Amino acid sequence: MNIFEEYNSKVNRREFLSGSVLGLGATALSSLLTGNEFLSNDNNLPHFPPKAKRVIYLFQSGAPSQLELFDYKPKLKEMFGQELPASIRGEQRVSGMTANQRSFPLAYGKFTFGQYGQGRIWLSDLLPYHQQIADELCVVKSVHTEAINHDPAVTFIQTGSQQGARPSFGSWISYGLGSENKNLPAFCVLLSRSTSYDQPLYAKLWNNAFLPSEHQGVLFRSGDDPILYLNDPPGVDKVTRRDMLDVLAKLHKQQLETVLDDELNSRISQYEMAYRMQTAVPDTLDVSKEPDWVFDLYGPQARKPGTYAANCLLARKLIENDVRFVQLYHQGWDQHGNLPTDIKKLAKDVDQASAALILDLKQRGLLEDTLVIWGGEFGRGCYSQGKLTPDNYGRDHHPRCYSIWMAGAGVKKGFTYGETDDFGYNIIKDPVHVHDYQATIMHLLGIDHERFTFKFQGRRYRLTDVAGHVVKDLLL
């Protein structure tokens, strides 16, 4: 579409909206603005029948150590305290926190591993509940990235770029596939944190960037007021609010005729969505009617708002109400020191609730078309950061390889993909770059990542930038 066609298209849409507002009235407008009508993409999504309709992304912020959880390396135990061979490290750069370290002694904890399920998946004794869902897991041990520090690495895997100002994964999906529930946003965000030190998370991770603003992730808070400014202020009833929105829509329409800015359509859409959410959100987030066996499944923390377990339960309820993309962030995995103690706390935070989410989705028939993802921004190195003792050590950042898992719609079950060397330092088989991983998830959603683009300031952007290949060996 050239610039003149694009201009004419905007004018035609404005004329259509003008007629709609004046001819159908505000009530009809409210029913029109359900989330899909203002999609400005011309990508004709989905490109092919999807395996997954929805995504729950359990992001583990701070980078969990794959060596204590998924990637079993007995060589580290055999060579405990010995130097990491120079031939293994090669020219790999390390972060500023270990760049001046003179020694790189191999570290290994007192954790044990076993093989579980029909796929004989290696899992740590830190994850006893994961062991029970091994037959549902697709574990990828060979994910790698270029970023070596947290903020660029998290930004990279969430937006496809190490720099900010790019749309997040959920925003792309909301923009491309729209919402299946006119009363709830397509992209919802939940935050939880452990008692350990937390790396900060920024709103740019669920930002729409240059996509229309109604595709920004909506952050749900714990407590009585889950979305700020959603409720009517004192003295404003529903009728008054409705009248106000109708007048505001007319004013925006008049402005649209003058400034030719599509963002005004987004603004109208967001106001209408907020109005509908006033009723839908309290109903969706109400867990008071959940039976005791559900809380028992997710664990005792599920009764405490704002915890990882409580958010996993809310993620199930949002998916049950046809939310397209639920992004959950759990903080606290950045264990540069005291790792043997702290990783026990983090594993306990997430183990039971993550497994419960899989089982809960499965028993409700939702796992068949819901993709669940668990993982962080990079891995941890095999040598000790700082002083190594028999009972204590830390691990620095390691972008060359780490592990994630997926479960549910369209991915192989009880399956392990990729392989690292005896030290868990380099990938020796089936590498999966961050862009490959993103391309594969989009493929499961029925999207060709190379054809799904958005033109901004003269360039067509996509989540996978100019790279990425679908890893078909992971798919059913």
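Calculation rules
- Residues numbered from 1 in each chain as written.
- Predicted model: local features only at pLDDT ≥ 70, side-chain atom pairs only at ≥ 80, totals over all residues.
- Heavy atoms only, no water.
- Helix = DSSP H or I, 4+ residues; strand = E, 2+ residues; numbered from the N terminus.
- Rg over C-alpha atoms; globule rule 2.2 N^0.38 Å.
- Areas by Shrake-Rupley, 256 points an atom, 1.4 Å probe, with all protein chains shown as cover.
- Lys, Arg positive; Asp, Glu negative; His and termini not counted.
- Charge placed at Lys NZ, Arg CZ, Asp CG, Glu CD.
- Buried < 20%, exposed > 50% of the residue type's maximum accessible area, 1.4 Å probe, protein only.
- Salt bridge = Lys/Arg side-chain N within 4 Å of Asp/Glu carboxyl O.
- Contact = heavy atoms within 4.5 Å.
- Core = buried A, V, L, I, M, F, W, Y, C linked by side-chain atoms within 4.5 Å.
- Disulfide = S-S within 2.5 Å.
- Pairing = 2+ DSSP bridges.
- 1 Å grid on protein atoms, 1.4 Å probe; cavity = no way out; pocket = protein on both sides within 12 Å on 5 of 7 lines; lining within 4 Å.
- Points joined across faces, edges and corners; volume = space filled by probe spheres on them.
- Nonpolar A, V, L, I, M, F, W, Y, C, P; charged D, E, K, R; others polar.
- Axes fitted to C-alpha atoms, helices over the stretch in contact; angles between N-to-C directions.
- Parallel < 35°, antiparallel > 145°, perpendicular 65-115°, else oblique.
- Phe/Tyr/Trp six-rings, centres within 6.5 Å; stacked < 30°, edge-to-face > 60°.
- Lys NZ or Arg CZ within 6 Å of the ring centre and 35° of its normal.

Within the protein, the secondary structure is distributed over 13 helices and 17 strands. A globule of 476 residues ought to have a C-alpha radius of gyration of about 23 Å, and the protein, at 24 Å, matches this closely. For the C-alpha atoms alone, the extent of the protein along its principal axes is close to 80 × 55 × 40 Å. Carbon together with sulfur atoms contributes 51% to the accessible area of the protein, which is approximately 20300 Å² in total. Placing the 51 positive and 55 negative side-chain charges of the protein at their respective mean positions leaves the two points 2 Å apart.

Here the focus is the side chain of Arg-166. Relative to the helices and strands, Arg-166 is located in the loop between α6 (150-159) and α7 (169-177). Put simply, Arg-166 is tucked away with no salt bridge, and the nearest opposite charge, on Asp-465, sits 4.2 Å away. Aside from chain neighbours lying at most four places away, what touches Arg-166 is Thr-159, Ser-161, Asn-207, Ala-209, Phe-210, Arg-459, Tyr-461 and Asp-465.

Moving on to the nonpolar core. By size, the foremost hydrophobic cluster in this structure holds 59 residues, and its most contacted members are Ile-56, Leu-58, Val-372, Trp-374 and Trp-405. The element best represented in this core is helix α12 (residues 339-363), accounting for eleven residues. In this structure, Ala-63, Leu-444, Ile-447 and Tyr-461 belong to the second largest nonpolar core, which totals 52 residues.

Take the state of the cysteines next. All told, the structure shown has zero disulfides when counted by the stated rule. Looking at the unpaired Cys-382, the closest cysteine sulfur is the one in Cys-401, lying at 8.5 Å.

Let us look at the pairing of strand β4 (residues 137-144). Judged by how many residues are buried, β4 sits mostly within the fold: seven of eight residues are covered. Summarising the sheet, β4 and strand β11 (residues 402-408) pair through five bridges and their orientation is antiparallel. Across the sheet, Val-143 pairs through a bridge with Tyr-402, a residue of β11. Inspection of the sheet shows β4 paired to strand β15 (residues 432-433) by two bridges, in the parallel sense. Across the sheet, residue Val-143 finds its bridge partner in β15, namely Val-432.

Time to look at empty space enclosed by the protein. With the rule as written, the count across this model stands at four cavities of 30 Å³ or more. By volume, the second largest cavity is sized at about 40 Å³. The element contributing the most residues to the lining of the second largest cavity is helix α13 (residues 434-444), with three residues. Tallied by class, residues from the lining of the second largest cavity come to eight nonpolar, one polar and no charged.

We now examine the packing of helix α8 (residues 238-259) against helix α9 (residues 263-285). Put simply, α8 and α9 touch, their axes get as near as 9 Å, and they point 170° apart. Considered as vectors, α8 and α9 are oriented roughly antiparallel to each other. Contact residues: α8 offers Lys-238, Arg-241, Arg-242, Leu-245, Leu-248, Ala-249, His-252, Gln-255, Leu-256 and Val-259, while α9 offers Leu-264, Asn-265, Arg-267, Ile-268, Tyr-271, Glu-272, Tyr-275 and Gln-278. Taken together, the residues of the contact of α8 with α9 sort by class into nine nonpolar, four polar and five charged.

This part covers the pattern of salt bridges. Throughout the structure, instances matching the rule amount to 24 salt bridges. Between Asp-465 and Arg-459 there is a salt bridge; the shortest N-O distance is 2.6 Å. Taking relative accessible area as the criterion, Arg-459 reaches 32% and is therefore assigned partly exposed. Within the structure, one salt-bridge network assembled from shared partners comprises Glu-290, Arg-316, Lys-317, Glu-320, Asp-360 and Arg-364.

The subject of this paragraph is the packing of aromatic side chains. For the coordinates displayed, the defined rule picks out 21 aromatic pairs. Judged by centre distance (4.9 Å) and plane angle (40°), the ring pair of Phe-210 and Tyr-461 falls under tilted. With a gap of 251 residues between them, Phe-210 in the loop between β5 (187-193) and β6 (218-220) and Tyr-461 in strand β17 (residues 459-461) connect regions that are remote in the sequence. Taken together, the ring pairs connect Trp-172, Tyr-175, Phe-210, Phe-452, Phe-454, Phe-456 and Tyr-461 into an aromatic cluster. Positioned above the aromatic ring of Phe-104, the side-chain terminus of Arg-89 is 4.4 Å from the ring centre. Lying across the ring of Phe-295, Arg-303 places its NZ or CZ 4.3 Å from the centre.

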